[in-house]
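If you want the building blocks of each chain, they are given just below.
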Amino acid sequence: MARYAAPGERGSVVSYRDRYDHFIGGECVPPARGGYSADPSPVTGEVFTEVARGTAEDVHRALEAAHAAAPRWGRTSTSERAHVLNEVADRVEDHLDSLAVAETWDTGAPVREALADLPRAVDCFRHFAAVIRTQRGGVSDLGDDLLAYHFAEPLGVVDRFVPWRSPLLMAALDLAPALAAGNTALLRPSDRAPASIHVLVDLVGDLLPPGVVNVVNGVGSEEDEPSGGKGADVFFADVADRRDAFYDRALEGFATFALDRALVQTPIHDRFLTDAVERARAAGPGHPLDTDTTVGALTGHDQLDRTLSLIEVARRDGARVVCGGERVDLGGELSGGSYLAPTVVVGESRVARSELVGPVVWVTSFDHFDDAVKELSGTASGVGVWSREAGVGFRAGRRIRTRRVRVNTFRPGAADHHALLDQYQRTKTILVEQGA
């Protein structure tokens, strides 16, 4: 067990500034007229910094800076862009601990999650540095001395909202392909967790030409964030054929709350639920800066209050709260933090599809394969399928309408990097008639 010192404490690996302005054109820029908002840490409830509030004027200025930098960055050689991305990756890798503590203090999530996410961010920057160096155009022979040359070009300026969940990794998943493709960027951090993005920008900003990356706070809306939560998992009856390492792995999501919804096939529902609840209860919240903690804080009291109100609605609808469902006071310095007891809810309710944030799993049962496929199709953040039979996992993966399926694992897996790069480029075609 190891516990990192909190920002501001002696021996801490990271320090927050007292105030963060917008980051525009390579400089810290005060808000035009929005003022500043106090930013409390969900770990303790105490204000640790204040962050500029953005307005349309700030966004306009940031977009002007991004558009001004776009032509030069877009014409920068792929080898130079790759060099910059690799430098960013090196800088992040050299400061994994400080970035992880910064994100935990900002979001309340356990530091072990940030320590797992940040190496993926490093890999993302390095991957796109390699991809862009090897990307080639194409030539089509259309006959009669007519050729078509195909080139990948940047879009120009990309505008991205950074969600409060894993904001540093989410920023990397947008920035790495966008910058590799030759775009400039405007990032809009979530109002729930705006500060850790600035720690990242402070760390790597000198590696980027002015205007290539810009950050404006206070103009992001939680409605801008993709819905769907952490995801849903379906557990087929053969999962519980015997108690072994596979069965333990299937239950692990209830200890780490790596899922929001669980569909359990009827024959194993009661037994599986009993074991899952035991795991959930044992996972009680702890100090988020402790590397052994699996359940941290929610991002703020408002988010905690909303989750508690949804749980109460579920109770009134007849759903069963098998464990948890109440606020937790961890005492001492953590007494003002936003902590929820690990919660498992069983049954149907009008809020069953709502995003219950925090250590909450909603459990329902299903009878047949087709029932699970119908229920899970359309899950925005992806689906996990659990079965000892490889054919069942593959068939479910093919049938469920969602962009990503995990089979027998809670690991998020690597992003589809090629698909990500395509989102930040367009193809230009030049037709050339030979011998004219």
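What you are looking at is a predicted structure, and each value in this text was computed from that prediction instead of being measured.

Calculation notes
- Residues numbered from 1 in each chain as written.
- Predicted model: local features only at pLDDT ≥ 70, side-chain atom pairs only at ≥ 80, totals over all residues.
- Heavy atoms only, no water.
- Helix = DSSP H or I, 4+ residues; strand = E, 2+ residues; numbered from the N terminus.
- Buried < 20%, exposed > 50% of the residue type's maximum accessible area, 1.4 Å probe, protein only.
- Polar contact = N/O pair within 3.5 Å; in protein donor to acceptor, adjacent residues only side chain to side chain.
- Contact = heavy atoms within 4.5 Å.
- Patch = residues over 30% accessible without salt bridge, like charges linked within 9 Å, V, L, I, M, F, W, Y side chains within 5 Å.
- Areas by Shrake-Rupley, 256 points an atom, 1.4 Å probe, with all protein chains shown as cover.
- Salt bridge = Lys/Arg side-chain N within 4 Å of Asp/Glu carboxyl O.
- Lys, Arg positive; Asp, Glu negative; His and termini not counted.
- Charge placed at Lys NZ, Arg CZ, Asp CG, Glu CD.
- Core = buried A, V, L, I, M, F, W, Y, C linked by side-chain atoms within 4.5 Å.
- Phe/Tyr/Trp six-rings, centres within 6.5 Å; stacked < 30°, edge-to-face > 60°.
- Lys NZ or Arg CZ within 6 Å of the ring centre and 35° of its normal.

Draft legend 1. A look at the side chain of S338. Along the chain, S338 falls in the loop between β14 (327-328) and β15 (339-340). For S338, a relative accessible area of 1% puts it in the buried group. At a separation of 3.2 Å, a polar atom in the side chain of S338 contacts the main-chain amide nitrogen of H301. With near-sequence residues (within four places) excluded, S338 lies in contact with P42, A297, L298, G300, H301 and L304.

Draft legend 2. Quick peek at a negative patch on the surface. Taken together, D141, D144, D145 and E433 make up a surface patch of like negative charges. Locating D145 in the fold gives a position in the loop between β6 (138-141) and β7 (146-154).

Draft legend 3. Representation of the nonpolar core. Counting residues in each nonpolar core, the largest one holds 68 residues, and the members touching the most others are Y16, L99, F125 and F128. Top element by residues in this core is helix α4 (residues 111-134). It accounts for 11 residues. Apart from the residues lying within four places of it in its own chain, the contact partners of F125 are L85, V88, A89, A172, L175 and A176. Residues V239, L251, V295 and V346 belong to the second largest nonpolar core, which totals 27 residues.

Draft legend 4. Fine view of the packing of aromatic side chains. Tallying each qualifying case throughout the model produces 11 aromatic pairs. Three or more aromatic residues link up through ring pairs in this structure, and these residues are F235, F246, Y247, F254, F272, W386 and F410. The ring of Y247 has R271 lying over it, and the distance from NZ or CZ to the ring centre is 5.2 Å. The residue whose ring lies beneath R395 is F369, and the NZ or CZ to ring-centre distance is 4.0 Å.

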